[in-house]
Amino acid sequence: MRPKRTRVRAPRLLSAVAAATALLLSAPAAAPAEAAAPAPVPGSLTPYAIGAVYTAGVSSGGYMATQLHVAYSGTVSGSAAFASGPYDCARGSLPTALNACMDTTQDLQLAQLEQTTRDWSAQGLVDPISNLAGDPVYVFSGTQDSTVKQPVATALAGFAADFGARVRYNRTTAAGHAWISPLGPNSCAVTQSPWLNDCGFDAEREMLGQLLGSVAAPAAAPSGSLIRFDQNAYAPGGSAAALSMGDDGFAYVPKSCAGGASCTLLVALHGCKQGYAYQGFGTRFVEGAYLNEYADTNDMIVLYPQAAPTATLDNPNGCWNWWGYLGDSAYARHGGKQIEAVMGMVRALRGTTPPPTGGGSVTLPSVDAQDGYVKAAADGSGAAVGTLEDLYGFALGRGTDGRVNRTLLSFDTSRIPAGKQITRAYLSVTRSSGAGDPWSSPAGNRLLVDVRTGCFGGCAVEPSDWAAPATVPGAAEIGAFSSGGAVSTDLSAAALAALDRSGTTQFRLGFASAPASTGYLFVNQAAPVTLTVEYR
């Protein structure tokens, strides 16, 4: 649903939009005495060894952090939100944003928000909502915050808990509307620029502890690199400004991650009026959020995407899109323009190709009744259908019985819109459990994706599927991951052509070489694997 856009009484509308930014305009406070980040250097987003991905944000950035977590829960493993409310709270309506998602003069209808989320999950418009079960979520709401009132944040905590997330909710700190940081120049209770408040405790340790588990103490000063990159490369349509995003984004990369260490990725989202391009605000959020210090000592890359103000009344304060401005009715789900731009950045850092500009996409869940796995000796003899799917998920690698497992997945690819040219497709999987490392046995082993137009035999899983010929063998690859979700490389051009636009396409996942010792993983026990197809 698109927001209503009134063309008359412009001053009144500007006042409403300014309120919806959830950050009030006031005289700037003094900046921190010392910058908490190195000077940015021009560069680009290149691949690193990234495992889990998390999101965090304040105000409009908090809403966006939650949107990213729910829409792409197969990739994002948890989220943190300061001073914001539940997923899709505004429902595409500015009045609802103002009255239900900041104030409490209108019921935000939490039960209906949750039902809509379930419906979107069933339709493939967001990742399977079952992914949220067990995910860590951190919520902060200050008792002195009159911009986004505490019952709204309480509803976010309730939303996450209702879907099985592990929630930590700080609701007792006498804070105003702000990101809470020991580097904040403001006192705790105020609501004013730069919306970085010092409340006498380390909120980042509390937040990161919830997301990551125990964390090492922060560095005294950051020693990594702050990369400034071009956001236009990730914007659907090729223009960041058209999405109310800035030309420049930032990524903080510790030396350990640059040197090849396995690292976590945190997507940190500023609030309204805190973006690099907003009236000379610059990198004050990047410097004052107190995340780079933790990044250095906890092998964590921090991605700082940047929203930007519009010259119109749509978004004059540079907020993230949480109420559907600029006519983006998909702002909170797959296909949302800012969401897809940020996810493109995430994929670039994880080593998968950024999505092409323009066009649309559809995410298809695998067909449960036709999914399963088969097991056989390394030479393919004695093949049998696996029986542990309901208990553990789909098996890959070599089990304790010495058998080698391959997984079969079916997708209804007739749902790809007719008349569209497919430009990109990839699989998303979530690890359920496992033992050993099948990628290292033998060294350099690869988890490959085979594609079959139609079905390998019958569409139901059968023993012969273990070795049945594929239309396109080795069409994509899934890199090593030890927890959370993973995204395959893009399907090859031949595989895109092999997708059956009139019926079913089957995929087979298996390691290129039979592991020499026990090493396996189970994937997607509680949710289907998804196939995302982009087109124009």
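For the structure given in this document, a descriptive report is provided here.

Calculation rules
- Residues numbered from 1 in each chain as written.
- Predicted model: local features only at pLDDT ≥ 70, side-chain atom pairs only at ≥ 80, totals over all residues.
- Heavy atoms only, no water.
- Helix = DSSP H or I, 4+ residues; strand = E, 2+ residues; numbered from the N terminus.
- Buried < 20%, exposed > 50% of the residue type's maximum accessible area, 1.4 Å probe, protein only.
- Contact = heavy atoms within 4.5 Å.
- Disulfide = S-S within 2.5 Å.
- Pairing = 2+ DSSP bridges.
- Axes fitted to C-alpha atoms, helices over the stretch in contact; angles between N-to-C directions.
- Expected span 1.5 Å × (residues − 1).
- Parallel < 35°, antiparallel > 145°, perpendicular 65-115°, else oblique.
- Phe/Tyr/Trp six-rings, centres within 6.5 Å; stacked < 30°, edge-to-face > 60°.
- Lys NZ or Arg CZ within 6 Å of the ring centre and 35° of its normal.

Some remarks on the environment of Met300
And then number 1: Here Met300 is to be found in strand β12 (residues 300-304).
And then number 2: Looking at Met300, the relative accessible area reads 1%, which means it is buried.
And then number 3: Between the C-alpha atoms of Met300 and Gly51, which are 249 residues apart in sequence, the distance is 10.0 Å.
And then number 4: Not counting the four nearest positions on each side in its chain, Met300 is found in contact with Leu208, Leu212, Tyr252, Pro254, Cys257, Cys263, Thr264, Leu266, Leu291, Tyr294 and Ala295.

Re the state of the cysteines
And then number 1: Scanning all chains against the criterion turns up five disulfides.
And then number 2: For Cys272, the disulfide goes to Cys319, at an S-S distance of 2.2 Å. Judged by the torsion about the S-S bond (125°), the Cys272/Cys319 disulfide is right-handed. Taken as a pair, Cys272 in the loop between β11 (263-269) and α8 (284-288) and Cys319 in the loop between β12 and α10 (337-350) lie far apart in primary sequence, 47 residues in all.
And then number 3: A relative accessible area of 0% places Cys319 in the buried class.
And then number 4: Disulfides within the protein link the bonded cysteines, taken in sequence order, as 1-2, 3-4, 5-6, 7-8, 9-10.

Considering the environment of Val302
And then number 1: Here Val302 shows up in strand β12.
And then number 2: Once residues lying within four places of it in the same chain are set aside, the contact partners of Val302 are Phe250, Ala251, Tyr252, Leu266, Ala268, Leu291, Asn292 and Ala295.

Thoughts on the sheet that holds strand β4 (residues 136-140)
As a general point, the strands of a sheet are linked pairwise by backbone hydrogen bonds and lie either parallel or antiparallel.
And then number 1: The nine strands lie next to each other as β1-β9-β10-β12-β11-β2-β3-β4-β5, forming an open sheet whose pairing is mixed. The sheet terminates laterally at β1 (41-42) and β5 (166-170), the two strands that pair on one side only.
And then number 2: Its contacts with the sheet put helix α2 (residues 60-71) on β2 (50-58), β3 (76-82), β4 and β11, and the angle it makes with β2 is roughly 145°.
And then number 3: On the sheet, α10 packs against β2, β9 (225-230), β11 and β12 and is oriented at approximately 150° with respect to β2.

Some words on α10
And then number 1: In this model, α10 (14 residues) spans 20 Å end to end at C-alpha, consistent with the 20 Å of a helix rising 1.5 Å per residue.
And then number 2: Within α10, 13 of the 14 residues are buried, which leaves it mostly tucked inside the rest of the structure.
And then number 3: Looking one or two residues beyond α10, the residue adopting positive phi is Gly351, at roughly 100°.

Quick notes on the environment of Asn131
And then number 1: Summarising the element assignment, Asn131 is placed in the loop between α4 (110-122) and β4.
And then number 2: The buried category is assigned to Asn131, whose relative accessible area is 14%.
And then number 3: The spacing of Asn131 and Leu496 is 365 residues in sequence and 27 Å in space, taken between C-alpha atoms.
And then number 4: Aside from chain neighbours lying at most four places away, what touches Asn131 is Ser73, Gly74, Thr430 and Ala527.

A word on the packing of α2 against α10
Each pair of packed helices gets described by two things: the angle between the helix axes and the distance between those axes.
And then number 1: Two elements in contact, α2 and α10, have axes separated by 11 Å at closest approach and are oriented at 75°. Overall, the two elements α2 and α10 adopt an arrangement that is roughly perpendicular. Every residue of α10 that contacts α2 at Met64, Gln67, Leu68 and Ala71 is listed here: Gln338, Ile339, Val342 and Met343.

So, the packing of aromatic side chains
And then number 1: Applying the stated criterion to the full structure yields 19 aromatic pairs.
And then number 2: Within the aromatic cluster, the residues linked to one another by ring pairs are Phe82, Tyr138, Phe140, Trp179, Phe285 and Tyr304.
And then number 3: When the ring centre of Tyr72 is taken as reference, the NZ or CZ atom of Arg347 above it lies at 5.7 Å.
And then number 4: The side chain of Arg406 reaches across the aromatic face of Trp466, ending 3.6 Å from its centre.

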